[in-house]
Amino acid sequence: MSSLNEDVDESNHIFYDPVTLLRPVSRAISMNLDQLNFVTVLLLSFGLGYWFRVQFCDASRTTRAAVTTSVGLIFTYFCYGNAIAHLFINGFGSYLLMVSVPPQHVHKSVFAFAMGYLVLIHSYRWMYQKTYCLDVTGSMMVAVGKITLLASAITDGMGRDPKALNSGQKRDAVKEVPSLLDFASYMFNFQVFYENLWLRSSSATTDHSGTVIVGPMNHYSTWSAFLELKHVPKNEKTGKPYDPTSTAMKKFEAAIAFSVVYTILGSYLPMSLTNDPSINEYNLLIWWLITVAASTVHRLPYYFAWTISDSICNISGFGYDGLADETLEPKWSRTTNVKPLLVEFGQNYKEMVDNWNIWTVAWLRRVVYERVEGPYRTLAVYVTGAAWHGLAVGYYFSFLTSALFTLSAATFRRCMRHRFLGNSMHKLMYDIFGMLVSKFAIGYIHWPFYVMHFWPSLFMYRKLLMIPHFIALFIYLYLPQIFSPQPKSKITGPNASATSVNTDRVSRVIQTKKLISEISQRSSSRTSAIDVSTRTALEK
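Residues numbered from 1 in each chain as written. Predicted model: local features only at pLDDT ≥ 70, side-chain atom pairs only at ≥ 80, totals over all residues. Heavy atoms only, no water.

Side note on the overall build of the protein chain
When helices and strands are counted, the protein chain shows 21 helices and two strands. A fraction of 70% describes how many contacts in the protein chain between residues 6 or more apart in sequence connect residues 24 or more apart. If you sum the accessible surface of the protein chain, you get close to 26500 Å²; carbon and sulfur atoms cover 63% of it. (Helix = DSSP H or I, 4+ residues; strand = E, 2+ residues; numbered from the N terminus. Contact = heavy atoms within 4.5 Å. Areas by Shrake-Rupley, 256 points an atom, 1.4 Å probe, with all protein chains shown as cover.)

Quick word on the nonpolar core
Grouped together as the largest cluster of nonpolar side chains are 61 residues, with contacts concentrated most on Leu 87, Met 98, Leu 150 and Trp 388. No other element matches the 12 residues that helix α6 (residues 136-158) contributes to this core. For this core, the two domains that each supply at least three residues are domain 1 (22-228) and domain 2 (339-482). Among the nonpolar cores identified, the runner-up in size contains 27 residues, and Ala 255, Val 297, Phe 399 and Phe 449 belong to it. (Core = buried A, V, L, I, M, F, W, Y, C linked by side-chain atoms within 4.5 Å. Buried < 20%, exposed > 50% of the residue type's maximum accessible area, 1.4 Å probe, protein only. Domains from an automatic or database assignment.)

Some points on helix α14 (residues 358-367)
The element α14 is largely enclosed, with a buried count of seven among its 10 residues. Ile 358, Trp 359, Thr 360, Trp 363, Leu 364, Arg 366 and Val 367 are the residues of α14 that are buried.

Digging into the pattern of salt bridges
Taken as a whole and assessed by the stated rule, the structure comprises 14 salt bridges. Among the ionic pairs, Asp 172 bridges to Arg 366, the shortest N-O distance being 3.2 Å. Taken as a pair, Asp 172 in helix α7 (residues 167-172) and Arg 366 in helix α14 lie far apart in primary sequence, 194 residues in all. Of the residues examined, Asp 172 reaches a relative accessible area of 3% and is grouped as buried. The exposure class of Arg 366 is buried, given its relative accessible area of 10%. Measuring nitrogen to oxygen at the nearest pair gives 2.7 Å for the salt bridge that ties Lys 251 to Asp 310. Linking Lys 251 in helix α10 (residues 245-265) with Asp 310 in helix α11 (residues 284-315), this pair joins segments that are 59 residues apart in sequence. Note on Lys 251: relative accessible area 16%, which makes it buried. Among the residues examined, Asp 310 registers a relative accessible area of 4% and is labelled buried. Overlapping salt bridges, with partners in common, bring together Arg 171, Asp 172, Arg 366 and Glu 370 in one network. (Salt bridge = Lys/Arg side-chain N within 4 Å of Asp/Glu carboxyl O.)

Details of the packing of helix α4 (residues 84-100) against α6
At a closest axis distance of 10 Å, the pairing of α4 and α6 adopts a crossing angle of 10°. Compared by their axis directions, α4 and α6 come out roughly parallel. Contacts between α4 and α6 pair His 86, Leu 87, Asn 90, Gly 91, Ser 94 and Met 98 from the former with Val 136, Ser 139, Met 140, Ala 143, Val 144, Ile 147, Leu 150, Ala 151 and Ile 154 from the latter. (Axes fitted to C-alpha atoms, helices over the stretch in contact; angles between N-to-C directions. Parallel < 35°, antiparallel > 145°, perpendicular 65-115°, else oblique.)

Description of the packing of aromatic side chains
For the coordinates displayed, the defined rule picks out 41 aromatic pairs. Each ring, one from Phe 92 and one from Phe 188, has its centre 6.3 Å from the other, and the planes form 35°; the classification is tilted. Of this pair, Phe 92 sits in helix α4 while Phe 188 sits in helix α8 (residues 180-188); the two residues are 96 residues apart in sequence, bridging distant segments of the chain. Phe 188 sits in the buried class, given a relative accessible area of 4%. When the ring of Trp 363 is compared with that of Trp 388, the centres are 5.3 Å apart and the planes differ by 45°; the resulting orientation is tilted. In this pair, Trp 363 sits in helix α14 while Trp 388 sits in helix α15 (residues 377-389), placing the two residues 25 residues apart along the sequence. For the pair formed by Trp 363 and Trp 388, the shared burial category is buried. (Phe/Tyr/Trp six-rings, centres within 6.5 Å; stacked < 30°, edge-to-face > 60°.)

Notes on the packing of helix α3 (residues 61-80) against α8
Remark: α3 packs on α8, axes separated minimally by 8 Å, with the N-to-C direction vectors making an angle of 45°. Here α3 lies oblique to α8, going by the angle between them. As for the relative orientation of α3 and α8, their crossing is left-handed in sense. Across the interface between the two elements, Arg 61, Thr 62, Ala 65, Ala 66, Thr 68, Thr 69, Gly 72 and Leu 73 of α3 pack against Leu 181, Asp 182, Ala 184, Ser 185 and Phe 188 of α8. Of the residues contributing to the contact of α3 with α8, the split by class is six nonpolar, five polar and two charged. (Left-handed = near helix turned anticlockwise from the far one by under 90°. Nonpolar A, V, L, I, M, F, W, Y, C, P; charged D, E, K, R; others polar.)

Observations concerning the confidence of the model for the protein chain
Per-residue pLDDT for the protein chain averages 83, and the proportion of residues at 70 or more is 82%. Predicted confidence is poor over residues 1-11, with pLDDT under 50, and the contacts of this stretch with residues over four places away or in other chains come to 27 contacts. For the stretch residues 194-213, pLDDT sits under 50, and the model shows 83 contacts to residues farther than four places along the chain or on other chains. (pLDDT = per-residue confidence, 0-100.)

A few points about unusual backbone geometry
Even without being a glycine, Met 452 presents a positive backbone phi close to 70°. On the basis of relative accessible area, Met 452 is assigned to the buried category, the value being 8%. The backbone phi angle of Met 466 is positive, close to 60°, even though this residue is not glycine. Considering the arrangement of structural elements, one finds Met 466 in the loop between α18 (454-463) and α19 (467-482).

With respect to a nonpolar patch on the surface
A surface patch of nonpolar side chains, amounting to about 710 Å² of accessible area, comprises Leu 407, Leu 473, Phe 474, Tyr 476, Leu 477, Tyr 478, Ile 482 and Phe 483. Ranked by residue count, the leading element in the nonpolar patch is α19, at six residues. Along the chain, Ile 482 falls in helix α19. (Patch = residues over 30% accessible without salt bridge, like charges linked within 9 Å, V, L, I, M, F, W, Y side chains within 5 Å.)

A few points about the environment of Val 338
Tracing the chain through its elements places Val 338 in the loop between α11 and α12 (340-345). Using a relative accessible area of 6% as the deciding quantity, one classes Val 338 as buried. In sequence terms Val 338 and Ile 358 are 20 residues apart; their C-alpha atoms lie 5.9 Å from each other. What Val 338 contacts, discounting residues up to four positions off in sequence, is Tyr 303, Trp 306, Thr 307, Val 343, Asn 355, Trp 356 and Ile 358.

Right under this line is the structure:
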């Protein structure tokens, strides 16, 4: 495979036609131009995020939208050049559907157009593109997610009965189609500038590349509040909006640490060790430990890209997610796309999956799972996720296997977990067992996603004789017949206590609101209302 420090193929210009200003630098430091452009944009975005938050803290909605859009488009052109046309066609074609199609059908028509265009690009790229590079398909993937989230919100806000919506759909519903400028700022803003980073393996035995999609996606309602300066409330002590600088810097430092560790360990623990003949001579346990270690190192570039993107959002004042219950410190997790510790040390498979690529999971839940009726919703989610990634058969092996493991893990939890809650030691053993099995499952599922092609994907399955598949299928079909699942009406342990705590909390909030209302009514006949500090104290 040719280096991207050389001239790319003419066919690549369809999806990759970057500004080559930094080519001499890339050659001097032996770094691929696509990677150098990507890192440059990320570092500039972090600095510009701080500048934007300080400089435009009192600017109008139109000014804030125009600035974020302009900077985002410049960065997009810097990385993709004329290939930016695909983002325009997909984005503004979907916008035309939003303004012309009846609201109750907007989510279906936009989903069909946006996903169809993405699959078309995936198809062409898979058949004809011979070199790997940072091309526009990665940004198209995140753009499709954001477009379909907005289309679903328009349908919820303008085309459905509010009584039929769940709490999340009500919160994020859009009551009118955004203006063209607001839509452009939502799609192209530099805070959630989306990229496709091709991280090349340094292993001498393979030239395969992995992908990292940087977003994150987000709901239009959140972005709209950000433009309107309503996203972050004011700190009662300072009278100014909560400051995200400390949190953003911590995330930025963590991202740099992930990058450094990957740079050190990546060449020693490439994913290609899994099918390396010399490694396969070891016994099954040693082979699997090496595979788990390589898989963990392979996730570090994802942690870097998603964490630094989150820090860019935060430093610009975007991503506020309320106050922590115990400390009342501001949380900046609305744009968080991964929680590395919960991925690596989650107590069960669901916990690991829920904390990996968080916004893609949220997107699939809102756009697919909540709108597909019947027993095939989980299957529809994983098939959509595979098609969204591309046409490589390895994606479908991974996502269909993940669907089976998700169902079997949920079945096992319903049938077995409540039997271990009565004893703390038994509960600890159950949690350790769940973590070990989940680490095994992630490595087993991840391999076809990494190699992508049909026959290499089968290596893991043949080596383990597909026994994990058979175990998962047995658990899903027969475990409930052996160990009866816990009835939902008899939830015990932490879940029950959490439910009780939530009920008490809601009751106290209702009582407090009634008290405030009564005091307000009594004081209305007087010359002044309740002092703001008194109201705040009562609410707390």
